[in-house]
Amino acid sequence: LIVWTVIDPLQRKTVAVDQDAFLRDIETYCACTSKHMTIFHASLYVINLGSLIVASIQAQKTLKISTELQESRYIFLAITLILLVSFIAIPMVVIAEGKVAASYFVMAGFV
């Protein structure tokens, strides 16, 4: 994130959603954007997905440890739940991209 902030900082962009008969903005929203946002988003998604995969592999390898020290089952279940929610929420975010209220609802539910 520091590299993203130094190389291509986010800038505020105001978008007009609706105008009246006199071309005055009735409804607007603001969003933070940068020129290379998709590249940085993709790299963050790859890093996070790689971390989840490594953690799930490590959790599966430790399933053979005695039950007194075994939390790996619960860690594996949590990782699986995160992956399932991600596979459902990410397409919903892409579908609701142009609609501010729908996008906010999906992102709030995802978090």
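Residues numbered from 1 in each chain as written. Predicted model: local features only at pLDDT ≥ 70, side-chain atom pairs only at ≥ 80, totals over all residues. Heavy atoms only, no water.

Visitor: How would you explain the pairing of strand β2 (residues 25-33) if you had to name every residue and give the values?
Guide: Here strand β1 (residues 11-19) pairs with β2 via eight bridges, running antiparallel. Counterpart to Q11 in the pairing with β2 is T33. The antiparallel hairpin formed by β1 and β2 contains five residues in its connecting segment, where L23 sits at a positive phi of about 60°. (Pairing = 2+ DSSP bridges. Helix = DSSP H or I, 4+ residues; strand = E, 2+ residues; numbered from the N terminus.)

Visitor: Would you mind going over a nonpolar patch on the surface in detail, with residue names and values included?
Guide: On the surface, a cluster of nonpolar side chains totalling about 450 Å² of accessible area is made up of I2, V3, V6 and I7. Since its relative accessible area comes to 65%, V6 is described here as exposed. (Patch = residues over 30% accessible without salt bridge, like charges linked within 9 Å, V, L, I, M, F, W, Y side chains within 5 Å. Areas by Shrake-Rupley, 256 points an atom, 1.4 Å probe, with all protein chains shown as cover. Salt bridge = Lys/Arg side-chain N within 4 Å of Asp/Glu carboxyl O. Buried < 20%, exposed > 50% of the residue type's maximum accessible area, 1.4 Å probe, protein only.)

Visitor: I'd love a proper account of helix α2 (residues 37-61), names of residues and values included.
Guide: With 25 residues, α2 extends 36 Å between its outermost C-alpha atoms, agreeing within 8% with the 36 Å of an ideal straight helix rising 1.5 Å per residue. Where α2 is concerned, the buried positions are M37, F40, L52, S56 and A59. Those residues of α2 that are buried lie in contact with α1 (2-7), β2 and α3 (72-95). (Expected span 1.5 Å × (residues − 1). Contact = heavy atoms within 4.5 Å.)

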